[in-house]
Amino acid sequence: MNNTAEKVAPFEIPPINLPKPTDSITHYQIQQFLHLDAYLLDHNMLAEWLNILAPDLRYFVPIRQTRERKDRDKEFSTKLGHMDDNFQSIAMRVHRLVNTGTAWSEDPASRVRRFVTNVSVWETDVLGEYDVTSYLLLTRNRFYQDDYHLLSAERIDRIRRKGESFELVSREVRMDQSVLGMPNLAIFL
Amino acid sequence: MLNKSTPTLRDGTRIEDLFNLETREVSLSTMYDPEIHQIEMEKIFTKVWLLLGHASEIPKSGDYVVRYMGQDEVIVSRDRKDEIHVSLNVCPHRGMHVCTAESGNAQVHKCIYHGWAFRPDGSFVGAPLEKEKMHGEIYPKEKLGLKKARVQLFHGLIFATWNQEAAPLEDQLGDMKFYYDIMFGKTHGGMEVLGAPQRLTIPANWKTAGEQAACDGFHTLTLHRSQFDIGNFGNISDTMDEFIPIMQGVNVAQKGNALRCISAATTFTSLIGSGEDFSKLSDLEKITKLPPPGIVTEQLLAEMKERLSPEQIHVCSVAPPQVGNMFPNVNLLFIYAPLPDGTLGSGYVIHTINPMGADKFQWITWFLCEKDTPEEIKDIIRAVAVQTGGTSGLIEQDDSDTWPHMTIAAKGAWGRTETLKYQAIGGENRPEGWPDKAHVYAGLSKDDAQWHWWLQYHELMTQ
């Protein structure tokens, strides 16, 4: 059927200006990589998780503020975050959690589940590196609570091919809350 | 005390009965009881000066942020005359929030409901349909502005109070101002924020964090034990003993304000430790070898030497003020932090603890530095401070997970009858040469300074 009807709108509709997604095989592989990432974290395999992080990692959870629509480009801080880490500082966090027995913020450990969806993968200027966005819904249950701390976010990752698999080069987690609804981020997102 | 009229709870308990001043105990029921909470809102949070932020957050005319005084939202804004104002974020017309964004820039704040408009100083501009007198003729325009709080700046920190009769902020700080001047007034350029603050909600009574901020030294050894285990507080043997560097120093307190001045000699030994005998150095040599946190360049050090009195320099050389509070709900953490390259970094972390009901508070965390810190060092400070304090900070994430437990414990019929005990008493002890400012407790950090927090709370609550 040939629909020739014109769209009527009170303003000119701009085109969708997004780069072309990558091929379906790469997309699938990267999705599997994100599942591995979530699996390792959800199962408290934190030391093992370090394997999939790049040595030049940048891990950033920017501060968000509620701003007027005209100021939306200022919603996220480009400088200050709830987390601002490199590989070395992430490794220190993991060391504290895994090896001390005194990291009380996660001992007893929270029960965390990371639901990762809406994965988009784009090619970059660098061969073998991809820009990847995904949606995260994280549930965190602790002690005897009968409810969950929830955290939803968009993750903007840079992911690099490494041998048969991949490594995480950078992750920016854009949380949907301007005021975080859990007492700390002693977990990874 | 007995003659004082003291508020009484519905079950007949007097506020006075929640304390045993002789044995230094406080009823755990204070950590939840909603009735007590209401009395606090009235007797403390509408009476005292409260910290709302830093002037560098709103550098330009019209800049504003929305903050809290108790559970009241307020607009903190800068006007064209460069003055900072604090106004209740409630439209005097029909009670709508005037600002719905959390920060921005506006010379006119127009309520989205009926359009009443206000200037950054809170004054009423007008309502729509001026000729039709939507705002009526009963009150003149001067009476239709936003409710205004009194504002006072202290080294760029913005304080406000609803109490028109309150003495100036200096009175609330008392002799502790001497030490706060060291912390906040060391350089010509003053401090600036490293970005908008972190905010998170903690399901706990505000006092769990409030009283801890006032020199709870002992929790460092256990709650923050992992910091020793990973070497961030210097390495120690398995035995926790009185020689642990971070426990040594001079605690000072007055009017509910308390600070831990941590021994420079032990910091020097544990974090720099070149084998040099620190104690043989002069005051100026000491602060040159080990400047207080935040003094990261020679220029800043020179300014500090110029600005501080010899007594204040002496304090910095013996034990710079690093950790503590400002009554009632400010927490200060000026830290040394080992950097990845092995050198000594530092950062300023300031929190406010904003009650959102008896079992919930919003924790606001600002990260600051001296304004004239080189940009590349600011970047390092920013990352290291965020890794140490606040939401994900390796130190503070353990604190915020503890406070909810105490609040839940205080809800139990039996739990609420337990008491908080501040019985590790060292007694006043002023080292030779230490200035006679506030109550001084030298040696291992004990409960003396922290008890002052409750004495101030007690005084305000029983008035």
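First, a word on scope: everything that follows refers to the structure included in this document. Within every chain, residues take consecutive numbers counted from 1 along the sequence as written. All chains are assigned letters beginning at A, and all ligands numbers beginning at 1, according to the order in which they are written. Note on the predicted model: pLDDT of at least 70 is required for a residue's local features to be given, and 80 or more for side-chain atom pairs to be given and counted; whole-chain, interface and lining totals, by contrast, use all residues. As a rule here, side-chain values come from all non-hydrogen atoms in the structure, and water together with hydrogens is ignored.

## What about helix H13 (residues 448-461) of chain B?
Residue and element names in this part refer to chain B.
Thinking step 1. Think of it this way: any DSSP run of H or I at least four residues long counts as a helix, any run of E at least two long counts as a strand, and we number them from the N terminus. A helix's residues, less one, multiplied by 1.5 Å, set its expected span. Helix length check: H13 (14 residues) gives 20 Å between terminal C-alpha atoms against 20 Å at 1.5 Å per residue, within 8%.
Thinking step 2. Across the 14 residues of H13, 12 count as buried, placing the element largely inside the fold.
Thinking step 3. Buried means the residue's accessible area, taken with a 1.4 Å probe over protein chains only, is under 20% of the maximum for its type, while exposed means over 50%, and partly exposed covers the values in between. For H13, the complete set of buried residues consists of Asp448, Ala449, Gln450, Trp451, His452, Trp453, Trp454, Gln456, Tyr457, His458, Leu460 and Met461.

## What about the side chain of threonine 208 of chain B?
All names here are of chain B.
Thinking step 1. With respect to the element layout, threonine 208 can be found in helix H4 (residues 206-213).
Thinking step 2. The exposure class assigned to threonine 208 is buried, which follows from its relative accessible area of 0%.
Thinking step 3. For this analysis, residues touch if any pair of their heavy atoms sits within 4.5 Å. Setting aside residues no more than four positions away along its own chain, threonine 208 makes contact with Met31, Phe361, Trp403, Met406 and Thr407.

## Looking at the packing of aromatic side chains
Residues and elements named next belong to chain B.
Thinking step 1. Side-chain rings of Phe, Tyr and Trp, where Trp is taken by its six-membered ring, are said to pair if the distance between their centres is within 6.5 Å; with planes under 30 degrees apart they count as stacked, over 60 as edge-to-face, and otherwise as tilted. Counting across every chain of the model gives 25 aromatic pairs over all chains.
Thinking step 2. Ring centres of phenylalanine 327 and tryptophan 453 lie 5.5 Å apart, and the angle between their planes is 55°; on these two criteria the pair is classed as tilted. Remark: tryptophan 453 occurs in helix H13 and phenylalanine 327 occurs in the loop between strand E17 (321-326) and strand E18 (330-338); sequence separation between them is 126 residues.
Thinking step 3. On the basis of relative accessible area, tryptophan 453 is assigned to the buried category, the value being 0%.

## Things to note about the sheet that holds strand E11 (residues 148-154) of chain B
Residues and elements named next belong to chain B.
Thinking step 1. The pairing criterion for strands is at least two bridges between them, as found by DSSP. Taken in spatial order, the seven strands of this open sheet run E3-E12-E11-E6-E5-E4-E7, and their pairing is antiparallel. The strands lining the two open edges of the sheet, one partner per strand, are strand E3 (50-54) and strand E7 (103-105). Across the sheet, the axes of successive neighbouring strands diverge by a mean angle of 30°, strand direction being ignored.
Thinking step 2. Pairing of strand E4 (residues 63-69) with E7 involves three bridges; the strand directions are antiparallel. Counted as the bridge partner of tyrosine 64 is glycine 104 from E7. A fitted line through C-alpha atoms serves as each axis, taken over the contacting stretch for helices, and the angle formed by two N-to-C directions is quoted from 0 to 180°.

## Focus on the nonpolar core
Thinking step 1. To qualify as a nonpolar core, a set must consist of buried Ala, Val, Leu, Ile, Met, Phe, Trp, Tyr and Cys residues joined through side-chain atoms within 4.5 Å. One finds Trp49 and Leu189 of chain A together with Trp454 and Tyr457 of chain B to be the most contacted residues of the largest nonpolar core, which totals 91 residues.
Thinking step 2. It is H13 of chain B that provides the largest number of residues to this core, a total of seven residues.
Thinking step 3. Domain start and stop positions are those given by an automatic or database domain assignment. Mapping this core onto the domain boundaries places at least three of its residues in each of domain 1 (50-165) and domain 2 (174-461) of chain B.
Thinking step 4. If we skip the residues at most four places from it in the chain, tryptophan 454 of chain B touches Phe19, Val26, Thr30, Met31, Lys207, Glu211, Leu420 and Tyr422 of chain B.
Thinking step 5. With 43 residues, the next largest nonpolar core counts Trp49, Cys261, Ile287 and Leu301 of chain B among its residues.

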